[in-house]
Number of protein chains: 2
Amino acid sequence: MSEILSAGSIEGVVRKDVPERVISRLPIYLQAVETIAAIGQTTVSSETLAAQSGVSPAILRKDLSQLGRSGRRGVGYSAQDLAATLRSFLGLDRAQNVAIIGAGRLGSALADYAGFQRRGLRLTAIFDSDEGKVGTTIGDLTVSAIADLATWADPIDLVVMAVPASAAPAAARIAAEAGVRGILNFAPTVLDTPETVRVQQVDLASELQVLAYYSALETATATPVEEHSN
Amino acid sequence: MSEILSAGSIEGVVRKDVPERVISRLPIYLQAVETIAAIGQTTVSSETLAAQSGVSPAILRKDLSQLGRSGRRGVGYSAQDLAATLRSFLGLDRAQNVAIIGAGRLGSALADYAGFQRRGLRLTAIFDSDEGKVGTTIGDLTVSAIADLATWADPIDLVVMAVPASAAPAAARIAAEAGVRGILNFAPTVLDTPETVRVQQVDLASELQVLAYYSALETATATPVEEHSN
DNA sequence: ACGTGTGAATGGATTCACAGCC
DNA sequence: GGCTGTGAATCCATTCACACGT
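Values in this document were obtained by computation on a predicted structure and should not be read as measured data. The numbering scheme is per chain: residues are counted from 1 as the chain's sequence reads. Here the convention is simple: chains get letters from A, ligands get numbers from 1, in the order in which they are written. Side-chain atom pairs in this predicted model are given and counted only at pLDDT of 80 or more, local residue features only at pLDDT of at least 70, and totals for whole chains, interfaces and linings cover all residues. With hydrogens and water excluded, all non-hydrogen atoms of the structure serve as input to the side-chain values.

## Examining the overall build of chain A
Secondary structure elements are defined from DSSP: runs of H or I of at least 4 residues count as helices, runs of E of at least 2 residues count as strands, and each element is numbered from the N terminus. Looking only at helices and strands, chain A has seven helices and 12 strands in total. Each residue is placed in one exposure class: buried if its accessible area under a 1.4 Å probe, protein chains only, is under 20% of its type's maximum, exposed if it is over 50%, and partly exposed if it falls in between. The 230 residues of chain A split such that 47% are buried. Carbon together with sulfur atoms contributes 50% to the accessible area of chain A, which is approximately 11500 Å² in total. Where accessible areas are quoted, they stem from the Shrake-Rupley method and a 1.4 Å probe; at the residue level, only the protein chains shown are allowed to cover.

Written as structure tokens, this is what we have:
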């Protein structure tokens, strides 16, 4: 039934309708296969790669089969080819321009942190609304006024939002108007943006609270009765 | 299969077997209902709360019904009661002790960032393996040697791991041995820990790469042939 | 013989729609 | 009349198991 539903073809890679769940695992596979390639391994089996990625071999094969066939039966996947396919599929072969909004402690930390460049992303600007911070430098970037984002010369694809919750909606609106395509939001606020802008939420407290639940759960169950676990 | 999945009762709140998906949404509801309560609203409907949380009303009702009934038909949910129920269910009524491992830029930023205290979490320690950093202060905490974690007096429930990928596995092992129950891992590495330690992964690059996919997808479908903008 | 690719089967999660209570 | 709580239906995701290429 599912023929090709939506198809933009871009540099030879056909993008079918792939569920978000699958997409969100691809960067992990990419990370894993890159480390494997770095060790000098030329091929890798679904079993090994799945273990490195923390998923089951079956789901890894099913996921990868959706990007067009990339493995060889009886052999495995070519590490080089698979990495290239994943990068291409994720749209990383021409580096995405990333800007950070918020030059506070978190923003500056994120600017350093993570091999942006090594992972197909190019950090091109940092913005802040605080006049005092504009003009200071972080790494090799100069902080710009957030108002300048609207008329920024080099088009910005993605934004990392590292501002307080109160400032986030306004910043998001400016970003959306500037044609930004995605926002990674560290502020604990649901941003409502136009359809064209995708928002990915990262909330430190929420994630810790999930862990807190399991922590408290274990404490509670550990005490009462012995549990015949396997 | 396993029938007694888990049933620890803790301060009156019965913890049934609730799927992880549901658990991961509860902190968002909590955040939303707290802001609503802060404005002085005393009750809230599933429709409003769902909109604030970015989910459908149906799923919100189903989620909340799993914590025992807490809403009134024809009226909605009491903001105060619901917040209390959620906090209790998540194990936040006695604050969880949180430690940060890694006193680099990210670690120090995270130490400031987020109203830990206000959200049921108590940041009690920061560790680093760098001798040079031990003894320095961040906020009102003094950085300790990571070796001290093993014999730390005040038991630590959760750890935020803000170290380079190469240092993460060793740090995780120390944390696990110290009886830590959960790790929020900012390093792009799959940590394999004993059953007792839950790991939640936060990978900046992966999340951006997911956004990159949709960014490139839009670009491809929106401008089929022409590619040079600006 | 090995390991991918994939239909079929299973298992969950979300949505629907309405009964039941305020 | 309004809004929750919840079975039933639908939709989606994962696992199984094996045919097929190398």
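## Brief notes about helix α5 (residues 105–112) of chain A
Burial within α5 of chain A is extensive, with six of its eight residues counted as buried. Within the span of α5 of chain A, buried status applies to Leu-106, Gly-107, Ser-108, Ala-109, Leu-110 and Ala-111 of chain A.

## Some words on the protein's contact with DNA strand D
Residues are counted as near a molecule or strand when any one of their heavy atoms sits within 4 Å of it. Inspection of the region around DNA strand D gives 23 residues, with Arg-25 and Ser-56 of chain A together with Ser-46, Arg-61 and Tyr-77 of chain B positioned closest. At the protein interface, 59% of the atoms of DNA strand D within 4 Å belong to sugar or phosphate. The definition of a polar contact used here is a pair of N or O atoms within 3.5 Å, where within protein one atom must be able to donate a hydrogen and the other to accept one, and adjacent residues in sequence count solely through side-chain atom pairs. Arg-61 of chain B has a polar side-chain atom sitting 2.9 Å from a base oxygen of DNA strand D. For the surface near DNA strand D, the secondary structure elements donating two or more residues are α1 (20–38) and α3 (57–65) of chain A together with α3 (57–65), β4 (71–72) and β5 (76–78) of chain B. Among the residues forming the surface near DNA strand D, the class breakdown is four nonpolar, nine polar and 10 charged. Put simply, Ala, Val, Leu, Ile, Met, Phe, Trp, Tyr, Cys and Pro go in the nonpolar bin, Asp, Glu, Lys and Arg in the charged bin, and everything else, Gly too, in the polar bin.

## Points about the pattern of salt bridges
Residues and elements named next belong to chain B. What makes a salt bridge here is a side-chain nitrogen of Lys or Arg within 4 Å of a carboxyl oxygen of Asp or Glu, nothing more. A full pass over the atoms with the stated rule returns 10 salt bridges over all chains. With its nearest N and O atoms 2.7 Å apart, the salt bridge here joins Arg-25 to Asp-63. Separated by 38 residues along the polypeptide, Arg-25 in helix α1 (residues 20–38) and Asp-63 in helix α3 bring together distant segments of the chain. Both residues of the pair, Arg-25 and Asp-63, belong to the buried class.

## With respect to the relation of the copies chain A and chain B
Superposition record for chain A on chain B: RMSD 0.1 Å, screw rotation 180°, translation along axis 0.0 Å. In symmetry terms, the pair is related by a two-fold rotation axis. Of the residues that chain A buries at the interface, 99% are likewise interface residues in chain B, meaning the two copies contact each other through the same surface. Overlaid copies result from least-squares superposition on C-alpha atoms, with residues included only where pLDDT is at least 70 in both. The criterion used for residue contact is that any of the two residues' heavy atoms lie within 4.5 Å.

## Brief notes about the nonpolar core
Leu-110 and Leu-208 of chain A together with Leu-110 of chain B are the most contacted members of the largest nonpolar core, which has 105 residues in total. Discounting chain neighbours no more than four positions away, the residues touching Leu-110 of chain B are Leu-106 and Leu-204 of chain A together with Ile-100, Phe-116, Val-160, Ala-162 and Phe-186 of chain B. Definition used in this section: a nonpolar core is a set of buried Ala, Val, Leu, Ile, Met, Phe, Trp, Tyr and Cys residues joined via side-chain atoms within 4.5 Å.

## Side note on the side chain of Arg-119 of chain B
Among the secondary structure elements, Arg-119 of chain B is positioned in the loop between α5 (105–112) and β7 (121–128). Assessed through its relative accessible area of 11%, Arg-119 of chain B is described here as buried. Reaching out from Arg-119 of chain B, the side chain makes a polar contact with the side chain of Asp-203 of chain A at a distance of 3.3 Å. The residues contacting Arg-119 of chain B, other than those within four sequence positions of it, are Pro-188, Asp-203, Ala-205, Ser-206 and Gln-209 of chain A together with Pro-27, Gln-31 and Leu-92 of chain B.

## As for the domain arrangement of chain A
Residue ranges assigned to each domain were obtained from an automatic or database domain assignment. According to the domain assignment, chain A consists of domain 1 (20–89) and domain 2 (96–206). Taking only C-alpha atoms into account, the centre of domain 1 of chain A sits 30 Å from that of domain 2 of chain A.

## Some remarks on the sheet that holds strand β9 (residues 141–145) of chain A
Residue and element names in this part refer to chain A. Strands qualify as paired when DSSP identifies two bridges or more between them. The strand order across the open sheet formed by seven strands is β8-β9-β7-β6-β10-β11-β12, and the pairing between neighbours is mixed. Two strands lie at the open edges of the sheet, namely β8 (137–138) and β12 (198–201), each paired on one side alone. Note that strand β6 (residues 96–101) and strand β10 (residues 158–161) share four bridges and pair parallel. Bridge assignment links Ile-100 to a residue of β10, and that residue is Val-160.

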